[in-house]
Amino acid sequence: TVSYYGTGTYSSLALGDDYYHLTVAGNVTLDYQLSVLGNLNITGTLNSNGYNLYLAGNFNNSGTYTSGANSVYLIGNHQTITGSNTFNNLIKRNNTSASLTFPAGSTQTISGTLELDGTAGDLLVLKSSTSGSTWTINHTGSLKYLSYLNISDSVSVSTLDAKSNSTNSGNN
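In this text, all values refer to a predicted model and were calculated from it rather than measured experimentally.

## A look at the sheet that holds strand 1 (residues 2-4)
In space, the nine strands of this open sheet follow the order 1-4-7-10-13-16-19-22-23, with parallel pairing throughout. Sheet topology places strand 1 and strand 23 (167-168) at the edges, where each strand pairs with a single neighbour. Where strand 10 (residues 59-61) lies against strand 13 (residues 78-82), two bridges are found, and the strand directions are parallel. Opposite N60, over in strand 13, you have T82 as the bridge partner.

Written out as structure tokens, the structure reads:
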């Protein structure tokens, strides 16, 4: 685990752009795409500056995340997003058993492309951190690709959005 602390802005990360677990407790502005094979913990400020983020673990945000004109690729199997966040493009494609858990009561705003895809044999599970409590995606962008999903407790993503190849698991 690598942590960046302090009140200054890092124009580049001292140890490069590939990490296992990364904690941003100071102010970080990216100067290249960022790959995190574990969890990304934001307690300070992370400005992507338009560079893509590849994340295999959880996106834990209790600070400030600024996306810019980038994409966040969720490349792990069972992942969680914490906090209410604004993403430009949010993309999760899986061909194995996978889930994406949203905090109950949270809103994720996507201003660009929203792409959430499972496969016929392995639906991508979209669920709340608390069963029976809803989560929201506010998609204001023009492109939305949703397929092979198993959706529960969603205010905004329904099986109608995801076409006939998805499952409504209740409370949508």
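Following the structure, the description resumes.
## Some words on the packing of aromatic side chains
Tallying each qualifying case throughout the model produces five aromatic pairs. Where Y54 meets Y73, the ring centres are 4.9 Å apart and the plane angle is 5 degrees; that geometry is what we call stacked. With Y54 in strand 9 (residues 53-55) and Y73 in strand 12 (residues 71-74), the pair connects residues that are 19 residues apart, well separated along the chain. The class of Y54 is partly exposed, set by a relative accessible area of 23%.

## What to know about the nonpolar core
By size, the foremost hydrophobic cluster in this structure holds 34 residues, and its most contacted members are L22, L40, F59, L116 and L126. The leading source of residues in this core is strand 16 (residues 98-102), at three residues.

## Observations concerning unusual backbone geometry
Both trends apply: most residues other than glycine have a negative phi, and most peptide bonds are in trans. At Y148, a residue that is not glycine, the phi angle is positive and equals roughly 55 degrees. The exposure class of Y148 is partly exposed, given its relative accessible area of 29%. At D153, a residue that is not glycine, the phi angle is positive and equals roughly 60 degrees.

So, how was this worked out
Residues numbered from 1 in each chain as written. Predicted model: local features only at pLDDT ≥ 70, side-chain atom pairs only at ≥ 80, totals over all residues. Heavy atoms only, no water. Pairing = 2+ DSSP bridges. Helix = DSSP H or I, 4+ residues; strand = E, 2+ residues; numbered from the N terminus. Phe/Tyr/Trp six-rings, centres within 6.5 Å; stacked < 30°, edge-to-face > 60°. Buried < 20%, exposed > 50% of the residue type's maximum accessible area, 1.4 Å probe, protein only. Core = buried A, V, L, I, M, F, W, Y, C linked by side-chain atoms within 4.5 Å.

Functional significance is not addressed by these values, which are geometric in nature.
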